[in-house]
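One letter stands for each residue in the lines below.
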Amino acid sequence: MIVKKIPIVVRLIDIMNTNNDFPAMSKTVALVSKQTSSDSDASVTELTNTILDDFALSNKLLRMVNTAFYIKYHGAGRITTVSRAVYILGFSQIRSAASALMIFEHIKNKSLALELREAFMVSFMSGVMAKEMAQKLGIKDTEEAFICSIFHDLGKSLIKFYLPDEQRRIREIAAAQDITEDEAAPGILKTSYDVVGMEVAKYWNFSDSIVYCMHKVPLYKLTKPTNEMESIRSLSILSNKLCELINKAKPGDWQKTLTTFKHRFDICFKSDEKMITDVLETSYNEIKSYCDNFGFDMEHSHFLQNLGLILRGQDTTKDKKHPDVGAKKPMQILDSLLDGEEETSQVLTPEDILAKGILEIANTMLDNFSLNDILRMILEVLYRGMEFTHIVIGIKSSKESYMEGRFGFGQDINKMVKGFRFKIEQVSQDVFNIALEKDSIVLINNIYDVEVQSCIPQWLQATFNPKTFIIIPITLQKTPIAIIYGDWTSLEQTATSRQRLRYVKTLRNQAMLAIKHSM
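Bear in mind that the values here come from a model prediction, so they are computed numbers and not experimental data.

1. A word on the overall build of the chain
For step 1, the next point in the chain: The helix and strand tally for the chain stands at 25 helices and six strands.
For step 2, the next point in the chain: A total accessible area of about 24900 Å² is found for the chain, and carbon and sulfur atoms account for 50% of it.

Structure representation (structure tokens):
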């Protein structure tokens, strides 16, 4: 929540609450800020569920992690499940990939004003640069540097988007008085850009580290960092400033500008002569990879044009008549690149998701794997492929004869998992015990049908309130081990087709094999 009642911030949040056009912030804030850096089962499941809750984000994220840039993190083998993406790439990589995707989608959004799209491009590049700098300087949390740098100028972007009149007046004052927009902003806003950004970030529940790194410090006041968080904040400031200098680059002045910047950089960090240039080249190539894979023409960005000319040592005023857009690299690994084109050019049907998921799970089981990772993948494939509203896996308690919910996917699933608990009884006539006793998949097409009313447990209706549901028992030598429950809040027809149910049986067998292998 907002700590300070700053009039411009209160006004800004009121506008935001009635205007959801600012690029998909709420969902991505959940990814970037509310998820922890822990790799425990709970946090991985929570992150996966958050991504899966947004269909468009899920598909775009899976497309991104199969592009040439991300393939270097996971080697051969296509990733078709968010669960495996988290497992292979790691929590921080997925976190930064989601943030990168959010920003890049805004850059492509032609309905946004050109100035705002350019601001997003600069923010994105500053994040990439900060990550590269952190890696070269031996800073451990490179992904934190990436995310903190991306959001460093959030306050300014918000003012540009929601309060264009105020932004125009700030720009006019800055030009008239020959000062920066940061210096001119308090005269109009009665507070600074960074305070606006920090207060909104707190309202959105951003992490403390992102909020801390939004605080601007003039370059001449920067000092040598004393801990990693100070190092990341310094990188956020320096990378954003470097992008600002690139955007304003004048003919013949770049080397002088770079020398001045490097002097300030060296006050905070020791670097060799080539480091900044190497960072610019690596970052430019990474941005080019994003542009190539997501269909953005780099010629549409003044910032990228300037950076490209700087890297080639050309005059920034020269007319670029022959852009090298279609240039081929001396060596290309065609298998992975062509495979990626085939996968990302089409929208997967539920049947595709089930079939490809089964193959991916089979390949994963050939390597070293943890049972939770496999079960999570199986649940995700079922959740997406069967188009469930909720899915839960229950595991038999080691202490008593109860089946207890372990984890699942769907809205409010964490609360529902706690309510998923029933006693295993051979004489019971409830549908869950019937499925376990017969060791058979049970499908209830309509929970209100009088023929099934007597076998529907009250706790199920109270917790999930389904219309249609399926129960998938997992047993070993007739002994109940686990149970998978999936439901729909409407009476489903296509989701329960024979073809999909055949895939369900295969996934059940994979779960049984994984459990047997782990025992």
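So, next bit.
2. So, the nonpolar core
Most often, soluble globular proteins keep nonpolar side chains buried together rather than apart.
For step 1, the next point in the chain: Ranked by size, the top nonpolar core spans 136 residues in total, and within it Phe-124 and Leu-382 carry the most contacts.
For step 2, the next point in the chain: The element contributing the most residues to this core is helix α8 (residues 114-137), with eleven residues.
For step 3, the next point in the chain: Residues Val-392, Val-452, Cys-455 and Phe-464 belong to the second largest nonpolar core, which totals 24 residues.

3. Some points on the packing of aromatic side chains
For step 1, the next point in the chain: Considering all chains together, one arrives at 18 aromatic pairs under this definition.
For step 2, the next point in the chain: Summarising the aromatic geometry, the rings of Phe-124 and Phe-146 are spaced 6.3 Å apart at their centres and angled 75° between planes, so their arrangement reads as edge-to-face. Of this pair, Phe-124 sits in helix α8 while Phe-146 sits in helix α9 (residues 142-150), placing them 22 residues apart in sequence.
For step 3, the next point in the chain: Classification of Phe-124 by relative accessible area gives buried; the value is 0%.
For step 4, the next point in the chain: For Phe-146, a relative accessible area of 1% puts it in the buried group.
For step 5, the next point in the chain: Their ring planes at 10° and their centres at 6.0 Å tell us that Phe-422 and Trp-459 sit as a pair that is stacked. Of the two residues, Phe-422 is situated in strand β3 (residues 421-423) and Trp-459 in helix α24 (residues 458-463); the sequence distance between them amounts to 37 residues.
For step 6, the next point in the chain: Exposure remark for Phe-422: the relative accessible area of 4% places this residue in the buried category.
For step 7, the next point in the chain: Lys-131 extends its terminal NZ or CZ atom over the ring of Phe-146, reaching a point 5.0 Å from the ring centre.
For step 8, the next point in the chain: For Arg-376, the ring lying beneath its charged end belongs to Phe-407, and the centroid distance is 5.6 Å.

4. Digging into the side chain of Ser-83
For step 1, the next point in the chain: Tracing the chain through its elements places Ser-83 in helix α6 (residues 82-89).
For step 2, the next point in the chain: Within polar-contact distance, the side chain of Ser-83 engages the side chain of Glu-380 at 2.5 Å.
For step 3, the next point in the chain: The contact partners of Ser-83, leaving out residues within four places of it in the chain, are Thr-48, Arg-376, Met-377, Glu-380 and Phe-409.

5. Quick look at the pairing of strand β6 (residues 479-488)
For step 1, the next point in the chain: Counting buried residues along β6, eight of its ten residues qualify, which places the element largely inside the surrounding structure.
For step 2, the next point in the chain: Pairing analysis gives six bridges linking strand β1 (residues 390-396) to β6, with the strands arranged antiparallel. In the strand pairing of β6, Gly-394 is matched with Ile-483.
For step 3, the next point in the chain: One ladder, built from nine bridges, connects strand β5 (residues 468-476) with β6; its direction is antiparallel. When the bridges of β6 are listed, Thr-475 appears paired with Pro-480.

6. Concerning the sheet that holds strand β4 (residues 442-444)
For step 1, the next point in the chain: Taken in spatial order, the six strands line up as β3-β2-β1-β6-β5-β4 in an open sheet, and their pairing is antiparallel. With partners counted over all chains shown, the strands left at the sheet margins are β3 and β4, one partner each. Recorded for the sheet is a direction-independent mean angle of 20° between the axes of neighbouring strands.
For step 2, the next point in the chain: Sheet analysis places β4 next to β5, joined by three bridges and oriented antiparallel. If you follow Ile-444 over to β5, its bridge partner there is Phe-469.
For step 3, the next point in the chain: Helix α25 (residues 498-518) rests against β4, β5 and β6 of the sheet, and its axis sits at about 35° to β5.

7. Looking at helix α12 (residues 181-189)
For the α-helix, the turn length of 3.6 residues means that residues three or four positions removed from each other point alike.
For step 1, the next point in the chain: The set of residues buried in α12 consists of Glu-181, Ala-184, Ala-185, Ile-188 and Leu-189. Buried positions in α12, seen along its axis, are confined to an arc of 125° and lie on one side of it.
For step 2, the next point in the chain: For α12, the elements touching its buried residues are α1 (7-18), α10 (154-162), α11 (164-177) and α13 (193-203).

8. Considering the pattern of salt bridges
For step 1, the next point in the chain: Applying the stated criterion across every chain, the model contains 20 salt bridges.
For step 2, the next point in the chain: Notably, a salt bridge pairs Glu-400 with Arg-421, separated by 2.8 Å at the nearest N-O pair. One end of the pair, Glu-400, is in the loop between β1 and β2 (402-410); the other, Arg-421, is in strand β3, and 21 residues separate them in sequence.
For step 3, the next point in the chain: Given a relative accessible area of 36%, Glu-400 falls into the partly exposed group.
For step 4, the next point in the chain: Connected through shared salt-bridge partners, Glu-115, Lys-160 and Arg-171 make up one network.

9. Quick notes on the packing of helix α16 (residues 254-268) against helix α17 (residues 275-294)
For step 1, the next point in the chain: Between α16 and α17, whose axes approach to 10 Å, the crossing angle comes to 110°. As far as their axial angle goes, α17 and α16 are roughly perpendicular. Seen from α16, the contacting residues are Trp-254, Leu-258, Phe-261 and Phe-265; seen from α17, they are Met-275, Ile-276, Thr-277 and Leu-280.
For step 2, the next point in the chain: Of the residues belonging to the contact of α16 with α17, the class tally is seven nonpolar, one polar and no charged.

10. Concerning unusual backbone geometry
For step 1, the next point in the chain: For Asp-178, which is not a glycine, the phi torsion comes out positive at approximately 55°.
For step 2, the next point in the chain: Within the secondary structure, Asp-178 is located in the loop between α11 and α12.
For step 3, the next point in the chain: Of note in the backbone geometry, Asp-439 takes a positive phi value of approximately 55° without being a glycine.
For step 4, the next point in the chain: Relative to the elements of secondary structure, Asp-439 occurs in the loop between α23 (431-438) and β4.

11. Here's the deal with the environment of Ile-393
For step 1, the next point in the chain: Here Ile-393 lies in strand β1.
For step 2, the next point in the chain: Residues within four places of Ile-393 in sequence aside, it is in contact with Leu-375, Leu-379, Glu-404, Gly-405, Arg-406, Phe-407, Ile-483 and Ile-484.

12. Observations concerning the pairing of β2
For step 1, the next point in the chain: Bridging between β1 and β2 involves seven bridges; their strand directions are antiparallel. The residue of β2 that forms the bridge with Ile-393 is Phe-407.
For step 2, the next point in the chain: Connecting the antiparallel pair β1 and β2 is a turn made up of five residues.
For step 3, the next point in the chain: Where β2 lies against β3, three bridges are found, and the strand directions are antiparallel. Counterpart to Met-403 in the pairing with β3 is Phe-422.

13. Some points on the packing of α11 against α12
For step 1, the next point in the chain: The interhelical angle for the contact between α11 and α12, taken along N-to-C directions, is 125°, at an axis separation of 8 Å. By the criterion of interaxial angle, the relationship of α11 to α12 is oblique. Here α11 runs over α12; the crossing is right-handed. Residues Glu-166, Gln-167, Arg-169, Ile-170, Arg-171, Ile-173 and Ala-174 of α11 lie in contact with α12, whose contacting residues are Glu-181, Ala-184, Ala-185, Ile-188 and Leu-189.
For step 2, the next point in the chain: For the contact of α11 with α12, a count of residues per class yields seven nonpolar, one polar and four charged.

Scoring rules and cut-offs
Residues numbered from 1 in each chain as written. Predicted model: local features only at pLDDT ≥ 70, side-chain atom pairs only at ≥ 80, totals over all residues. Heavy atoms only, no water. Helix = DSSP H or I, 4+ residues; strand = E, 2+ residues; numbered from the N terminus. Areas by Shrake-Rupley, 256 points an atom, 1.4 Å probe, with all protein chains shown as cover. Core = buried A, V, L, I, M, F, W, Y, C linked by side-chain atoms within 4.5 Å. Buried < 20%, exposed > 50% of the residue type's maximum accessible area, 1.4 Å probe, protein only. Phe/Tyr/Trp six-rings, centres within 6.5 Å; stacked < 30°, edge-to-face > 60°. Lys NZ or Arg CZ within 6 Å of the ring centre and 35° of its normal. Polar contact = N/O pair within 3.5 Å; in protein donor to acceptor, adjacent residues only side chain to side chain. Contact = heavy atoms within 4.5 Å. Pairing = 2+ DSSP bridges. Axes fitted to C-alpha atoms, helices over the stretch in contact; angles between N-to-C directions. Arc of directions from axis to C-beta. Salt bridge = Lys/Arg side-chain N within 4 Å of Asp/Glu carboxyl O. Parallel < 35°, antiparallel > 145°, perpendicular 65-115°, else oblique. Nonpolar A, V, L, I, M, F, W, Y, C, P; charged D, E, K, R; others polar. Left-handed = near helix turned anticlockwise from the far one by under 90°.

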